[in-house]
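Fold and contact review
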There are 2 protein chains.
Amino acid sequence: MNQHASHKPDYEKELRRAGVRITRPRKVILRILTETDDHPDAMEIFQRASAIDPSISLSTVYRTMKLLEEMGAIHRHAFEGGRARFEQADGEHHDHLIDIDTGDVIEFHSNRIEELQEEIARALGYDIVHHRLELYGRRRRKP
Amino acid sequence: MNQHASHKPDYEKELRRAGVRITRPRKVILRILTETDDHPDAMEIFQRASAIDPSISLSTVYRTMKLLEEMGAIHRHAFEGGRARFEQADGEHHDHLIDIDTGDVIEFHSNRIEELQEEIARALGYDIVHHRLELYGRRRRKP
DNA sequence: AATGCAATTGCAAATCGTTTGCAATAAAAA
DNA sequence: TTTTTATTGCAAACGATTTGCAATTGCATT
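One structure accompanies this document, and this report is about it. (Residues numbered from 1 in each chain as written. Chains lettered and ligands numbered in written order. Predicted model: local features only at pLDDT ≥ 70, side-chain atom pairs only at ≥ 80, totals over all residues. Heavy atoms only, no water.)

With that settled, the discussion passes to the overall build of chain A. Assigned secondary structure in chain A consists of five helices and six strands. For chain A, the α and β elements follow one another from N to C terminus as β-α-α-α-α-β-β-β-β-α-β. The principal-axis extents of the C-alpha atoms in chain A amount to approximately 50 × 40 × 25 Å. Relative to its full complement of 143 residues, chain A shows a buried share of 44%. Put simply, of all contacts in chain A between residues at least 6 apart along the chain, 51% involve residues at least 24 apart. (Helix = DSSP H or I, 4+ residues; strand = E, 2+ residues; numbered from the N terminus. Buried < 20%, exposed > 50% of the residue type's maximum accessible area, 1.4 Å probe, protein only. Contact = heavy atoms within 4.5 Å.)

Leu97, Phe108, Leu124 and Leu135 of chain A together with Leu97, Phe108 and Leu124 of chain B are the most contacted members of the largest nonpolar core, which has 24 residues in total. Sorting the residues of this core by element identifies strand E5 (105–109), helix H5 (111–123) and strand E6 (126–139) of chain A together with strand E5 (105–109), helix H5 (111–123) and strand E6 (126–139) of chain B as the ones contributing at least two each. (Core = buried A, V, L, I, M, F, W, Y, C linked by side-chain atoms within 4.5 Å.)

With that settled, consider the relation of the copies chain A and chain B. Superposing chain A onto chain B takes a rotation of 180° plus a shift of 0.0 Å along the axis, which leaves an RMSD of 0.0 Å. Taken together, these values place the two copies in the relation of a two-fold axis. Closest to the rotation axis within chain A is the C-alpha of Leu133 of chain A, separated from it by 2.2 Å. When the interface residues of chain A are mapped onto chain B, 100% of them again fall at the interface, so both copies present the same face. (Least-squares fit on C-alpha atoms with pLDDT ≥ 70 in both.)

Let's shift gears to the interface of chain A and chain B. Taken together, the contact between chain A and chain B spans 36 residues of the former and 36 residues of the latter. Counting the surface lost from both chain A and chain B, the interface buries some 3600 Å², and carbon and sulfur atoms represent 65% of this. At the surface where chain A touches chain B, the tally comes to four salt bridges. Between Arg132 of chain A and Glu134 of chain B there is a salt bridge, with the nearest N and O atoms lying 2.6 Å from each other. (Buried area = accessible area lost by both parts, 1.4 Å probe. Salt bridge = Lys/Arg side-chain N within 4 Å of Asp/Glu carboxyl O.)

Right, let's get into the packing of helix H3 (residues 42–52) of chain B against helix H4 (residues 58–70) of chain B. Residue and element names in this part refer to chain B. Packing of H3 against H4 leaves a shortest axis separation of 9 Å and a crossing angle of 120°. Regarding the angle of H3 to H4, the classification is oblique. Between H3 and H4 the crossing geometry is right-handed. For the pair formed by H3 and H4, the contact residues are Ala42, Met43, Ile45 and Phe46 on the first element and Leu58, Val61, Tyr62 and Met65 on the second. Of the residues in the contact of H3 with H4, the class split is eight nonpolar, no polar and no charged. (Axes fitted to C-alpha atoms, helices over the stretch in contact; angles between N-to-C directions. Parallel < 35°, antiparallel > 145°, perpendicular 65-115°, else oblique. Left-handed = near helix turned anticlockwise from the far one by under 90°. Nonpolar A, V, L, I, M, F, W, Y, C, P; charged D, E, K, R; others polar.)

The local shell around DNA strand D holds 19 residues, among which Ser55, Thr60 and Arg63 of chain A together with Tyr62 and Arg83 of chain B are the closest. Backbone atoms, meaning sugar plus phosphate, form 67% of the atoms of DNA strand D positioned within 4 Å of the protein. In this structure, a phosphate oxygen belonging to DNA strand D sits 2.9 Å away from a side-chain N or O atom of Thr23 of chain A. Taking Ser57 of chain A, its side chain carries an N or O atom lying 2.9 Å from a phosphate oxygen of DNA strand D. Broken down by secondary-structure element, the contributors of at least two residues to the surface near DNA strand D are helix H2 (24–35) and helix H4 (58–70) of chain A together with H4 of chain B. Looking at the surface near DNA strand D, the element that brings in the most residues is H4 of chain B, giving four residues. When its residues are assigned to classes, the surface near DNA strand D shows six nonpolar, six polar and seven charged. (Near = heavy atom within 4 Å. Polar contact = N/O pair within 3.5 Å; in protein donor to acceptor, adjacent residues only side chain to side chain.)

All names here are of chain A. Summed over all chains, the structure comprises 20 salt bridges over all chains. For Asp53, the salt bridge identified is with Arg24, shortest N-O distance 3.5 Å. Taken together, the residues span a long stretch of sequence, with Asp53 in the loop between helix H3 (42–52) and H4 and Arg24 in helix H2 at a distance of 29 residues. Of the residues examined, Asp53 reaches a relative accessible area of 9% and is grouped as buried.

Moving on, we get to the pairing of E5 of chain B. Residue and element names in this part refer to chain B. E5 sits mainly inside the fold: five of its five residues count as buried. A two-sided burial pattern is seen for E5, the buried positions comprising Val105, Glu107 and His109 on one face and Ile106 and Phe108 on the other. In terms of strand pairing, strand E4 (residues 95–99) meets E5 through four bridges, oriented antiparallel. Residue pairing across strands places Asp95 opposite Phe108, the latter belonging to E5. (Pairing = 2+ DSSP bridges.)

Written as structure tokens, this is what we have:
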């Protein structure tokens with residue numbers, strides 16, 4: 001098991017490559033995503049964006065996130081608690097441990113678990129297309 | 001890893017013990033749940049109930065499911081695809097493999113995976129409160 | 001069996017997160 | 001610059017679930 005390190009992608013270049021316009025609202029949103037290393041939901045992104053440019057709408061945040069998701073630049077996660085949360089897609093698969101008190105997300109990866117999942121699916125006659133492993137926990141108090 | 005066998009609980013007795021009234025709509029819904037061994041969503045339960053008594057409302061289905069959930073008689077799962085799906089709670093924990101073509105749900109359990117999860121959480125300084133492991137797969141074609 | 005009353009119902013309206021239609025605006029091509 | 005077309009903000013629509021409310025119904029009591 002090992003934790004996961006992140007790097008900063010150039011969303012603007014990716015968008016340009018996808019042939020879409022680099023608008024002012026998009027610039028702001030992309031900047032926020034680049035500077036972020038947590039897993040914000042649309043409302044959080046909207047609020048951070050509003051602080052920079054109050055004219056940006058929540059719709060545009062959603063539209064931009066959908067765009068980035070479709071081009072594979074970010075992942076959308078449906079953790080517990082209503083809102084979808086986003087993170088940059090950096091190619092390396094990982095699962096999530098969510099702090100139920102703070103909402104903090106810790107990424108981890110276990111080859112052993114992935115293998116076991118494959119084994120189980122195979123035994124049941126299935127091929128795994130994707131999976132979802134979320135641990136909801138509470139920080140252990142010092143004893 | 002082993003698959004999971006289900007048994008039929010007496011929801012009506014449980015409800016009575018909880019001190020709520022056994023109404024006609026509730027009787028119908030409970031009967032449907034008892035006769036079911038898949039993982040229906042509220043709309044499916046509503047439709048099955050409507051076939052028996054067309055006057056039953058979707059609200060009552062939701063209210064009854066919430067009631068049963070609160071007394072621990074059923075579990076609510078937020079699989080992919082919008083609607084929550086329900087299953088009887090029979091004490092034995094298991095995870096789910098969802099057939100992405102049919103929506104079928106196969107239950108499984110792996111002590112090894114559970115141990116690894118614990119290990120990971122511990123290493124990260126957390127206690128697991130609950131977790132969610134869902135495999136989304138497709139039936140393997142005979143080669 | 002008839003009564004009384006709180007629990008439960010069906011309905012419509014409200015909720016929450018997200019998406020969408022549309023007319024106005026702004027990027028980028030010419 | 002002007003033109004073309006994508007993108008925007010807004011409000012309204014959305015789908016799943018919940019809720020307020022007045023009408024009904026279980027069921028404990030006579």
